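A look at the structure
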Amino acid sequence: MVADPMLPLPYVVADKRQNLADTWTLELEPAGGDGAEAFGPGQFSMLYAFGAGEVPISVSGGGEAGGRLGHTVRAVGPTTSAVCSLEPGQQLGVRGPFGNTWPLEVAEGGDVVVVAGGIGLAPLRLAIKRLTERRDSYREVSVLYGARSPDELLYGDELRAWREAGISVAISVDSAPSSWDGRVGLVTTLIPDAAFEAARTTAFMCGPEVMMRFVSQALQDRGVPTDRIHVSLERNMKCAVGHCGHCQLGHRFVCKDGPVFPVGRIGTLLGVREL
């Protein structure tokens, strides 16, 4: 039986861990009965904190039909703060899956570049997991990750595990103390040194929109076609089914037509604020 996308299913917080000062990862399990359908890498759910409201959050772990769902959430407002304040054993509502997925199948046989900024690594985490599970299906795989400072880097243990799985991981921070021995600078500075052949490369990208604009241009400067550069947009999503119009982007709706778009499809719309 297909769940009604307008009705939240009850889930319970099975595990919770703090990633950053304002960011937590919650592992959710169905609270009795059936869970949601399977989620693909890049799709999102609507998390409903009872009495506070609901918010769209990309699935960053799990995703099997009826199984656990992992969500990494930053507390930036009343609803996300309510979600982050939940403790193991407490319940919330889940609607989904919504949206489309990262086109991993298109990338098979070629090079893959994953570019993330800040918490934008979370919507890419499930895609990177699939890349590691099927590492032999791809040529060079690079993860380029930028954050504001070393203490704002997500998934430290997993970054190391991805390297061990045969993925090239490069990290840069905007600013750092003298004890930091890594790279300092914008994530765009990692692109010239990344190992990929432009004509056979597929890029996946998520982070602040200004970052994605500059990274997209840097990838194009190296020859990656715009229809092979994919971005995840989550601006202003509210209802997840295209009824409210909050996420309209030109003639498209981010929640229904995305959130993953090839840059060649959305063109200059990415650079227009509040469109």
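In this text the structure is predicted, and so the values were computed from the model without any measurement.

**Observations regarding the pattern of salt bridges**
- As enumerated under the stated definition, the model contains 14 salt bridges in all.
- We note a salt bridge from Glu 152 to Arg 148, for which the minimum N-O separation is 2.9 Å.
- Given a relative accessible area of 23%, Glu 152 falls into the partly exposed group.
- Residue Asp 193 pairs with Arg 183 through a salt bridge whose shortest N-O separation is 3.2 Å. Within this pair, whereas Asp 193 is found in the loop between strand 11 (183–184) and strand 12 (201–206), its partner Arg 183 is found in strand 11, the two being separated by 10 residues in sequence.
- Classification of Arg 183 as partly exposed rests on a relative accessible area of 35%.

**Points about the sheet that holds strand 9 (residues 141–147)**
- Read across the open sheet, the seven strands follow the order 11-10-9-8-12-13-16; overall the sheet is mixed. The open sheet terminates on both sides in strands that have one partner only, identified here as strand 11 and strand 16 (260–262).
- Note that strand 13 (residues 229–232) and strand 16 share three bridges and pair antiparallel. From the neighbouring strand, Ser 232 faces strand 16, where its bridge partner is Val 260.
- Along the sheet, helix 3 (residues 122–133) makes contact with strand 8 (111–117), strand 9 and strand 12, crossing strand 8 at roughly 155 degrees.
- In the packing of helix 5 (residues 209–221) onto the sheet, the strands contacted are strand 8, strand 12 and strand 13, and the crossing angle to strand 12 comes to about 170 degrees.

Rules behind the numbers
Residues numbered from 1 in each chain as written. Predicted model: local features only at pLDDT ≥ 70, side-chain atom pairs only at ≥ 80, totals over all residues. Heavy atoms only, no water. Salt bridge = Lys/Arg side-chain N within 4 Å of Asp/Glu carboxyl O. Buried < 20%, exposed > 50% of the residue type's maximum accessible area, 1.4 Å probe, protein only. Helix = DSSP H or I, 4+ residues; strand = E, 2+ residues; numbered from the N terminus. Pairing = 2+ DSSP bridges. Contact = heavy atoms within 4.5 Å. Axes fitted to C-alpha atoms, helices over the stretch in contact; angles between N-to-C directions.

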